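# Secondary and tertiary structure notes
Each chain is listed here by its residues.
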Amino acid sequence: DVEKNIAVTGCKATVNNEKTGPHISILGELDGISCKDHKDANELGASHTCGHNNQIAGMLGAAVGLIKSGILDSLDGKITFMATPAEEFIELEYRQQLKDKGEITYFGGKQELVKKGYFDDIDMSMMFHSSDLNGDMALVGPESNGFIGKKVQFVGKESHAGSAPHEGINALNAAMLAINNVNALRETFQEKERVRFHPIITKGGDIVNVVPADVHMESYVRARTIEGMIDASEKVNRALKAGGYAVGADVKITELPGYLPIIRYHEFDNLFRDNLIECGVDGNK
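Residues numbered from 1 in each chain as written. Predicted model: local features only at pLDDT ≥ 70, side-chain atom pairs only at ≥ 80, totals over all residues. Heavy atoms only, no water.

As a further point, take the environment of threonine 225. Tracing the backbone shows threonine 225 in the loop between strand E11 (214-223) and helix H5 (226-247). Here threonine 225 falls in the partly exposed class, since its relative accessible area comes to 27%. Threonine 225 sits 30 residues away from valine 195 along the chain, and the two C-alpha atoms are 9.7 Å apart. If we skip the residues at most four places from it in the chain, threonine 225 touches Glu193 and Pro261. Only 2.7 Å separates the side chain of threonine 225 from the side chain of glutamate 193, close enough to count as a polar contact. (Helix = DSSP H or I, 4+ residues; strand = E, 2+ residues; numbered from the N terminus. Buried < 20%, exposed > 50% of the residue type's maximum accessible area, 1.4 Å probe, protein only. Contact = heavy atoms within 4.5 Å. Polar contact = N/O pair within 3.5 Å; in protein donor to acceptor, adjacent residues only side chain to side chain.)

What follows covers the sheet that holds strand E3 (residues 23-29). Within the open sheet, the five strands sit side by side as E1-E2-E6-E3-E7. Their pairing is mixed. A single partner strand is all that each edge strand has here, and the edge strands are strand E1 (3-7) and strand E7 (124-126). Between one strand axis and the next, the sheet turns by 30° as a mean value, whatever way the strands run. The pairing of E1 with strand E2 (residues 9-15) spans three bridges and is classified as antiparallel. (Pairing = 2+ DSSP bridges. Axes fitted to C-alpha atoms, helices over the stretch in contact; angles between N-to-C directions.)

As far as function goes, none of this settles anything; it's purely spatial.
If you want it as structure tokens, here you go:
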């Protein structure tokens, strides 16, 4: 029996429900990336350019192997196969609309499933993520940055851009200055934290004849540790606000709980590595 739409999208099914041993979940991540030029992009311009199709195939392959082999009768625990939605923390405006409607609380699928209690009775979860390692290779137990999501609105004042620009406050200039301000901070980020700030302008104004007064930006602030995330986030906020201050624009920053840095469980890493070798993948790192 499959439970569908567990977090807007996504689904799950459990086998060995009557068993009393450990409850293991095998995750397969669902998502797509806006990549309109990709040869496999759909009518919405989305494609599996981060390999989510492989991850779902891996989860289904594990399910087929466990069930068809007949091994389940010899196992003392439950296994839940869980297709987890919204792995990519993107399209923040759209997800904010879902939140405003009460359909979600968090912008990431696994966060939402944790909140809804789907991991409450899970003892261990396992999954993999696709990456192009140029051959028959696998990276086991990698490190990964955590991040804080940011929605930033720069609020200026409209005026005619051709005849009265002096009467306006250019919010787009504020955003451009803000980005340059963050660039000036890069030498203050410790290299071990691998800080990343990569903004996009999702709205740059309304029409070309009007001084932009409503400009929207989305970005992450990534770092290797929680302390590094907090430090970088505070510096970035200061730089964003300074961009507005320079031209007299207001800056509204909405911070969103992203993902925490990965905590490695070495016994699990070793299990994955041994299984890869057993399957003939000898070049794993």
